[in-house]
Amino acid sequence: MIELDISRAKAFLSNAEFDGGRKKASEALKTVEKRDGEGAEWLGWRDLLSDPNDAILEQLHSLATAIREEADIFIVCGIGGSYLGARAVIDALSSFFGNKGPEIIYAGHHMSGQYLEELLEYLAEPKADGKPKSVYCNVISKSGTTLETALSFRFIRSWMSDQYPDSLQDRIICTTSAEGGALNKLVDEYGFQKFVIPDNVGGRFSVLTPVGLLPIAVAGIDIRSLFYGAVSKFEELEEDPQSLLNYVAVKHALYQKGKTVDVLTSFEPQLESLGGWLQQLLGESEGKDGNGMFPTVATYSTDLHSLGQFMQDGARTVMETFITVEETTGTLIVDEADQNNDGLNYLAGMRLHEINRGAFEGTIQAHVKGGVPSVVVNLEKLNAQHLGEFIYLYELFTAVYCYSLDVNPFNQPGVEDYKSEMYQLLGK
Ligand code: PA5
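No experiment lies behind these values; they were computed from the predicted model shown. (Residues numbered from 1 in each chain as written. Predicted model: local features only at pLDDT ≥ 70, side-chain atom pairs only at ≥ 80, totals over all residues. Heavy atoms only, no water.)

Concerning the overall build of the chain
Each helix and strand in the chain was counted, giving 17 helices and ten strands. By the compact-globule yardstick of 22 Å for 428 residues, the chain fits well, its C-alpha radius of gyration being 23 Å. Along the three orthogonal principal directions, the C-alpha set of the chain runs to about 65 × 65 × 45 Å. Looking at the chain residue by residue over its 428 residues, the buried ones come to 51%. Considering only residue pairs separated by 6 or more positions, the chain has 79% of its internal contacts joining residues 24 or more positions apart. (Helix = DSSP H or I, 4+ residues; strand = E, 2+ residues; numbered from the N terminus. Rg over C-alpha atoms; globule rule 2.2 N^0.38 Å. Buried < 20%, exposed > 50% of the residue type's maximum accessible area, 1.4 Å probe, protein only. Contact = heavy atoms within 4.5 Å.)

Structure (structure tokens):
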């Protein structure tokens, strides 16, 4: 279960301001439902959940199980919406140290030559028992032409084809559009396995397609629970969208009042990548035509020692979104020390989770007193089902919030500008 608490954000608004936001939110939800807004052809992420495809879940699960048995390393080669969702879920649900199963390595998400070179050297290093590593690669690109991904994949593919001439087709899996793009040409040429990204689902809304689901399954996470968690949120919000509409209303009204930065934060470091996914979902969707709140990620309490001063006391243009977890798995309890030399005996008997929770409560109180409207999104537990709920909650939130600002949530024309400047300089 996920609870939304907007009370500490709503408190910064007058009734009239909130009601104005609420009206916009209701109209925007209708635009999503009627599919009559700009970009409506990209609403396929809702169809995935209203009509689940169990066969594809089963197919992804079987392939992932086979890869988990064979692979030492699984490379996820993609950028933006083609990898952030998988990374968010994998980081949230994996151990911090020493995970079982293949090591998941990300590539294709930047153009550092040093990174790629070191990666290829690392792949080539034998294991502790002297045997060569078994490497698999999932290259993910809807367009099939994104430079960061395509370039990295060229190097990885070349290394893998030298290393595994007889099993290359089993080891490379391409996730791309049904047709078109360079990746489809490579699939035709080499006979790589392929999963299709539906045409009506854009990159940042694609985590619940094979884009996110295959890497997540290879990490050993139950993709059925994740997917059906999203389905349950879909059904709940179809039935009763009031909580979502109130949340959109608050964020909409705060934006009208001059809040221009949304700091997405958590006290759980394994949620930093979830913040990264949300940052892209919001930022690439709302930041258009001079509009939008700038989404940025902070991990507390670490970043209270870098950003805390600003959050408490800097320019009052910020709001904060806290992602909290009601019950974590950590069991460590602070012992009573004989000599209280470190002065920590006042914490004796408390679980670290309680102390962390106390830090959250103290922080939100202080920031709200300092003038920062704050929203809390509380996950009952950190598991696949609740993350699935979270994913759909924010997909719908993003669409409705963007429409409330009269922004098309589903395109990203600005991203093309850096590409055309870059291609010109590189002589394409
Ligand atoms: O959300 C988006 O559409 C983008 O972030 C894309 O996912 C990203 O640019 C990668 O594109 P592609 O999958 O075509 O390589």
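A short note on a negative patch on the surface
Residues Glu117, Glu118, Glu121 and Glu125 make up a contiguous surface patch of negative charge. Following the sequence through the fold, Glu118 ends up in helix α6 (residues 113-124). For Glu118, a relative accessible area of 44% corresponds to the partly exposed category. (Patch = residues over 30% accessible without salt bridge, like charges linked within 9 Å, V, L, I, M, F, W, Y side chains within 5 Å. Areas by Shrake-Rupley, 256 points an atom, 1.4 Å probe, with all protein chains shown as cover. Salt bridge = Lys/Arg side-chain N within 4 Å of Asp/Glu carboxyl O. Lys, Arg positive; Asp, Glu negative; His and termini not counted. Charge placed at Lys NZ, Arg CZ, Asp CG, Glu CD.)

Concerning the packing of helix α2 (residues 15-34) against helix α12 (residues 242-256)
Contact geometry of α2 with α12 gives a least axis separation of 7 Å together with a crossing angle of 120°. In terms of axis orientation, α2 runs oblique to α12. As α2 packs across α12, the resulting crossing turns out to be right-handed. Taken together, the residues of α12 that come into contact with α2 (itself represented by Glu17, Phe18, Gly21, Arg22, Lys24, Ala25, Ser26 and Leu29) are Gln242, Leu245, Asn246, Val248, Ala249, Val250, His252 and Ala253. Residue composition of the contact of α2 with α12, grouped by class: eight nonpolar, five polar and three charged. (Axes fitted to C-alpha atoms, helices over the stretch in contact; angles between N-to-C directions. Parallel < 35°, antiparallel > 145°, perpendicular 65-115°, else oblique. Left-handed = near helix turned anticlockwise from the far one by under 90°. Nonpolar A, V, L, I, M, F, W, Y, C, P; charged D, E, K, R; others polar.)

A closer look at the pattern of salt bridges
In the structure shown here, the tally under the stated rule is 15 salt bridges. In this structure, the salt-bridge partner of Glu326 is Arg357, at a minimum N-O distance of 3.5 Å. On the criterion of sequence distance, the pair formed by Glu326 in strand β9 (residues 318-327) and Arg357 in helix α15 (residues 352-369) is long-range, its members being 31 residues apart. What makes Glu326 partly exposed here is its relative accessible area of 38%. Ionic pairing is found between Glu416 and Lys419, a salt bridge with its closest N-O pair at 3.6 Å. One end of the pair is Glu416 and the other is Lys419, both in helix α17 (residues 415-426) and three residues apart, which spans about a single turn. Residue Glu416 is classed as partly exposed on the basis of its relative accessible area, which comes to 41%.

Things to note about the sheet that holds strand β8 (residues 294-299)
Judged by pairing direction, the sheet is mixed, and its five strands sit side by side in the order β1-β10-β9-β7-β8 without closing on themselves. The open sheet has two edge strands, β1 (2-5) and β8, and neither has a second partner. Within the sheet, the average angular offset between the axes of one strand and its neighbour, ignoring direction, is 20°. Pairing analysis gives six bridges linking strand β7 (residues 261-266) to β8, with the strands arranged parallel. For Val263, the partnering residue across the bridge sits in β8 and is Thr296. (Pairing = 2+ DSSP bridges.)

Quick look at the packing of aromatic side chains
Across all of its chains, the model carries 22 aromatic pairs by this definition. With a centroid separation of 6.0 Å and 85° between ring planes, the pair formed by Tyr247 and Tyr394 is classed as edge-to-face. Residue Tyr247 is located in helix α12, and its partner Tyr394 is located in helix α16 (residues 384-404); the two are separated by 147 residues in the primary sequence. With respect to burial, Tyr247 and Tyr394 carry one shared label: buried. (Phe/Tyr/Trp six-rings, centres within 6.5 Å; stacked < 30°, edge-to-face > 60°.)

Section: the side chain of Asn345
With respect to the helices and strands, Asn345 occurs in the loop between β9 and α15. Note on Asn345: relative accessible area 15%, which makes it buried.

Structural notes on the nonpolar core
Judged by nonpolar contacts, the single largest core of 95 residues is most densely connected at Trp277, Phe390 and Tyr394. The element contributing the most residues to this core is α16, with 14 residues. When residues no more than four places from it in sequence are discounted, the contact partners of Tyr394 are Tyr247, Trp277, Leu278, Leu281, Thr321 and Val377. The next biggest cluster of nonpolar side chains, apart from the first, holds 24 residues, and it includes Ile75, Val135, Phe153 and Cys174. (Core = buried A, V, L, I, M, F, W, Y, C linked by side-chain atoms within 4.5 Å.)

Here we look at the site of the ligand
In the vicinity of the ligand there are 13 residues, among which Ser82, Ser141, Ser143, Thr146 and Gln280 approach most closely. Here an oxygen atom of the ligand sits 2.7 Å away from a polar atom, N or O, in the side chain of Ser143. Side-chain polar atom of Glu284 to an oxygen atom of the ligand: 2.9 Å apart, as the coordinates give it. (Near = heavy atom within 4 Å. Polar contact = N/O pair within 3.5 Å; in protein donor to acceptor, adjacent residues only side chain to side chain.)

Brief notes about α6
The terminal C-alpha atoms of α6, which comprises twelve residues, lie 17 Å apart, in line with the 16 Å expected from a rise of 1.5 Å per residue. Among the residues making up α6, those that are buried are Leu116, Leu119, Leu120 and Leu123. For α6, the angular spread of buried residues about the axis comes to 95°, placing them on one side. The exposed set on the far side of α6, more than 90 degrees from its buried face, consists of Gln114 and Glu117. In the core, the buried residues of α6 are packed alongside β2 (73-77), β3 (103-107), β4 (135-140) and α7 (147-163). (Expected span 1.5 Å × (residues − 1). Arc of directions from axis to C-beta.)

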